[in-house]
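Listed here are the chains, written in short residue letters.
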Amino acid sequence: KLVSDEFPWYFTHKTTENPKKSFFATDISLFQHTFYHEGELNSTHRDIIDIFRTSFIKNDIDFDRYIKRMLANLVLPKLEIRHTPFHTDQKVDHMVAIYYVNAVGGKTVFKEGHKVVPQRNKCIVFDGRREHCHHLPLYKSRLVFNFNFY
């Protein structure tokens, strides 16, 4: 459903606010779909939200109480060996969950050096104060869900 012609993706010019560019770090354009913004429902695709809600509740996370932002990010391939700038998703204390829809390149890298290789249906959860970035996919699109809880 996410990659069908009927699913609404929206173009955005940047992955983060105030990117710090360097030779290997570059901000990119991508496609996003915002399901929740500032805790408010922003999408008619409740079926997708409900899949995640059920999964989080099974893991003792009160989705409806704590969700502040839920995005699907679709990053098209770029033939560049670069990554997005290191960043945090929010300026306030929060938790982040990243769910990898596919196993396409684009490792998630934390500033202290820890790296997560994307695996289909894998979810990582971490303290949102940890600066992170992701490598750009080379040959296929990177598709992830990003959740912010506070």
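The preceding data block contains the structure.
Residues numbered from 1 in each chain as written. Predicted model: local features only at pLDDT ≥ 70, side-chain atom pairs only at ≥ 80, totals over all residues. Heavy atoms only, no water.

Focus: the overall build of the protein
Looking only at helices and strands, the protein has two helices and ten strands in total. The C-alpha radius of gyration computed for the protein amounts to 15 Å, which stays within 12% of the reference 15 Å derived for 150 residues, consistent with globular compactness. With respect to the principal axes defined by its C-alpha atoms, the protein has extents near 40 × 35 × 25 Å. Looking at the protein as a whole, 43% of its 150 residues qualify as buried. Expressed as a percentage of contacts within the protein between residues at least 6 apart in sequence, the contacts between residues at least 24 apart total 70%. Roughly 8800 Å² of accessible area belongs to the protein as shown, and the carbon and sulfur atoms make up 52% of that amount. In the protein, which carries 22 positive and 17 negative side-chain charges, the distance between the mean positions of the two groups comes to 6 Å. (Helix = DSSP H or I, 4+ residues; strand = E, 2+ residues; numbered from the N terminus. Rg over C-alpha atoms; globule rule 2.2 N^0.38 Å. Buried < 20%, exposed > 50% of the residue type's maximum accessible area, 1.4 Å probe, protein only. Contact = heavy atoms within 4.5 Å. Areas by Shrake-Rupley, 256 points an atom, 1.4 Å probe, with all protein chains shown as cover. Lys, Arg positive; Asp, Glu negative; His and termini not counted. Charge placed at Lys NZ, Arg CZ, Asp CG, Glu CD.)

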